[in-house]
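Okay, here's what each chain looks like letter by letter:
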Amino acid sequence: MSTAFDPRRFKAMERAGFNRIAGRYADSAPLRAELAEALLAAAAVAPGERVLDLASGPCLLAAEAAHRTQPGGLVLATDIAEGMLAEGARRCGPHPGLLFAAADAEHLCLADACIDVVLAGLALFMFPHPERALAEMHRVLVPGGRLVLSVWGERERVPLIACAQDCIARLLPPPKVARPSVFRFGAPALLEAALRSAGFDEVALTPCRFSCRFADAEAYWQAFLDLAGGAAEALGRLPEATGAALRAAVEQDLEGHRDADGGFRVPAEALVAVARRR
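Conventions we followed
- Residues numbered from 1 in each chain as written.
- Predicted model: local features only at pLDDT ≥ 70, side-chain atom pairs only at ≥ 80, totals over all residues.
- Heavy atoms only, no water.
- Buried < 20%, exposed > 50% of the residue type's maximum accessible area, 1.4 Å probe, protein only.
- Helix = DSSP H or I, 4+ residues; strand = E, 2+ residues; numbered from the N terminus.
- Arc of directions from axis to C-beta.
- Contact = heavy atoms within 4.5 Å.
- Pairing = 2+ DSSP bridges.
- Right-handed = clockwise from strand over helix to strand, strands pointing away.
- Axes fitted to C-alpha atoms, helices over the stretch in contact; angles between N-to-C directions.

A. How the structure looks around helix α8 (residues 188-197). For α8, the set of buried residues is Leu191, Ala194 and Leu195. Summarising the axial view, the buried residues of α8 lie within an arc of 95°, below the 170-degree limit, and thus occupy one face. The exposed residues of α8 that point more than 90 degrees off its buried face are Ala189 and Ser197. The inward-facing, buried residues of α8 abut α6 (130-140), β5 (141-152), β6 (200-214) and β7 (264-277). The positive-phi residue at the C-terminal boundary of α8 is glycine 199, with phi of around 100°.

This is the structure in structure tokens:
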């Protein structure tokens, strides 16, 4: 990561970006449904359990987990972007056992050993200091409690994200606010080492492979923006000509994924990790 990385500025940009795209992020949930189900299946949340969902966004995982913890359970959906939580609360409506709280995953205002299961879908790579977030997850879990998370796999296995990122890197100057790579935990050995260093054991990693279909390149680009958080803020301010050139480059790079119906089917791989607090 660049020495110019500013964690506070990065968090502020991510918060603003995800607040701005909250509705569209929630609308794009079907693209990630297969991965969400794989994470929930791995978590095996049971009635009566207390669940913390980190970087919950519009609470898609949290809402389903809340169903599975009833009767008697509790799910706390948290995110640094309060607008995402508000969107989730609006869409979920009143829901037994589902609570919402704006929170920074690196500084949780929760007591020690008060949670049975921590969920973190596509989140760990976004934390400026993932070791702090993992330490907080470990702290709030009861002994034997479960951490279940997903991260994007290695870059070459995730054209869904890499295609747009490669075009951005070719056509645009480096961002003013340095960003952690979304692929930084894509190597299984690196992810397992991070979890074990934080005090977790019984670590199990499972790849989840899926693909997303887009009617055209514009649909793909919009889907990328709907996931991009703070990066979407900067991309939204590009001059019209620059934006057009970027979209044209994306369409050209997508050609290898064109399907028989004239659209694009773009593959991705994520890792689903399950670990226990010692």
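B. Quick peek at the pairing of strand β4 (residues 115-121). The buried fraction of β4 is high, at seven of seven residues. Of the strand pairs in this sheet, strand β1 (residues 50-53) and β4 are connected by three bridges, and their pairing is parallel. Bridging across to β4, leucine 52 finds its partner in valine 118. Chirality of the crossover, the property in question, places the unit of β4, α6 and β5 among those that are right-handed.

C. Spatial organisation of the sheet that holds β6. One open sheet accounts for seven strands, arranged β3-β2-β1-β4-β5-β7-β6; its pairing is mixed. Of all the strands in the sheet, the pair left with one neighbour each is β3 (98-102) and β6. On average, each strand axis in the sheet is inclined to that of its neighbour by 15°, with strand direction left out of account. Each of β1, β2 (74-79), β3 and β4 is contacted by helix α4 (residues 60-69), which is oriented at about 170° to β2, the strand it contacts most.

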